[in-house]
Amino acid sequence: MTITSTMSDDKKSLTIEVEGRFDFNALQDFRKAYESHGKADAYVIDLAKADYLDSSALGMLLALRDFAGGDDAQIKITNAVPDVKKILIITKLDELFSIE
Amino acid sequence: MSDIITFHRLHLYGNLSLPNDPLAILGMQDAHQQSLLVLDTPQVDNLQPYLVACERFAAGVYKTSRDIAQDPTDLGVPSMSLWVYNEDKQSLQTFGSPPSASPFPLSPAHDQLGNVDIDVTLHAEALKGNYAVPDLITGLVTALHVQEKSSELSTLVTEVFSNAFEHGVLGLDSKMKSTADGMTAYYTERQKRLEDLRDGFLRFAFRYDASKHRLYLTCTDSGPGFDFQKVLDSFSTCPSESVALFGRGLRLVHSIVESLEFTHNGRCIQLTYAL
């Protein structure tokens, strides 16, 4: 599991990439990926290389949503593989995040 | 042959039935001091995961339901010998003491396919190793020959395990996970209680019914149980747009399976999954 975060040049958008299993072992790294940058205007969670996601990862995504402003948060989840996307949809996270 | 007490013949990637996996030996009901395992593996490229599972069994890391029935408090590790051969009677690996003589030829009674469902009990030592869940998932996917279902099977085993282990065995309360800091505190406490764990267990049983294409999963934990009716009710009443940071594991399982039931005051969960 590897997590990397990249701030855009205009400092407005933070992209977080998750690679491997996205589960409770990722908690500290995932929090650090956004908390260390302060609040950005928008977030992109790139799951192209995440092959599995469990319910604790869903909790982590919702914790980021709180950090980013709750209902006003601008968070896109991109490139999720079909199995991962299915879990996001089954658990209705597609109603709380923009999933592309 | 007289010194061989138990015998297992396993086809890997053969017919669709659960005994086609070395993990099945982990659940054999009659574990004895010496066992012979013959692997029929014409289509298997990499035997290593199976041999590793065999090693964990021989070392007593996994226990059988009989171990528990005899003495639920006995956490001692019995050592047993397990001899693994291929169909050509070549020895693949020996765990424990080597056989005193060649186990071949086999008596006619032994020379047939075994028929054991997977039934594994995870005690503290296996739980601390963090390999039980991946072992079970690999075993199931391989045994059932359903690579395309590996994600759903991973979800079922992982979520059922997390709930039974964290709430049942370790006694952690999900409500701790109401905030990001709470989540961190929860998983720090999880690690601490896992390191301190001495007794407590989880038992996983899987049975596949080929005629019905159904997998039956039962997981029992050593905890005190819980108010499961509240959880069952929440599946139909909770608002779908809930932003709570916890409470999605069993909901996820519920949406994948055909049926989900709790018994024994919530200590036991039973699932039916269509393959």
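In case you missed it, the structure is sitting above this.
Just so you know, these numbers come straight off a predicted model, no measurement behind them. (Residues numbered from 1 in each chain as written. Chains lettered and ligands numbered in written order. Predicted model: local features only at pLDDT ≥ 70, side-chain atom pairs only at ≥ 80, totals over all residues. Heavy atoms only, no water.)

Asks: Go over the pattern of salt bridges, please, and point to the residues and values.
Replies: Counting across every chain of the model gives nine salt bridges over all chains. Between Glu152 of chain B and Lys86 of chain A there is a salt bridge, with its nearest N and O atoms 2.4 Å apart. Here Lys86 of chain A lies in helix 3 (residues 82-90) and Glu152 of chain B lies in helix 6 (residues 150-169), a pairing that spans two chains. With relative accessibility at 18%, the residue Glu152 of chain B sits in the buried group. Sharing partners across several salt bridges, the network here consists of Arg31 and Glu35 of chain A together with Asp181 of chain B. (Salt bridge = Lys/Arg side-chain N within 4 Å of Asp/Glu carboxyl O. Helix = DSSP H or I, 4+ residues; strand = E, 2+ residues; numbered from the N terminus. Buried < 20%, exposed > 50% of the residue type's maximum accessible area, 1.4 Å probe, protein only.)

Asks: With reference to specific residues and values, describe the environment of Asp29 of chain A.
Replies: Residue and element names in this part refer to chain A. Assignment of secondary structure puts Asp29 in helix 1 (residues 27-35). Owing to a relative accessible area of 39%, Asp29 belongs among the partly exposed residues under this scheme. In the structure, Asp29 is positioned 35 residues away from Leu64 in sequence and 12 Å away in space, judged by C-alpha atoms. Those residues in contact with Asp29 that lie beyond four places of it in its chain are Met1 and Ile3. (Contact = heavy atoms within 4.5 Å.)

Asks: Pulling in residues and values, what's your account of the interface of chain A and chain B?
Replies: Contacts between chain A and chain B engage 25 residues on the former and 23 residues on the latter. Carbon and sulfur atoms supply 61% of the area buried between chain A and chain B, which totals about 2,100 Å² over both sides. Summed over the three residues of chain A that lose the most area to chain B, namely Phe24, Arg31 and Tyr52 of chain A, the buried surface amounts to 23% of that side. Along the contact surface separating chain A from chain B lie nine residue pairs in polar contact (both at pLDDT 80 or more). Contributions of two or more residues to the side of chain A that touches chain B are made by helix 1, helix 2 (55-67) and helix 3 of chain A. Of the residues forming the side of chain A that touches chain B, the biggest block, nine residues, is contributed by helix 2 of chain A. Considered class by class, the residues forming the side of chain A that touches chain B number 11 nonpolar, five polar and nine charged. (Buried area = accessible area lost by both parts, 1.4 Å probe. Polar contact = N/O pair within 3.5 Å; in protein donor to acceptor, adjacent residues only side chain to side chain. Nonpolar A, V, L, I, M, F, W, Y, C, P; charged D, E, K, R; others polar.)

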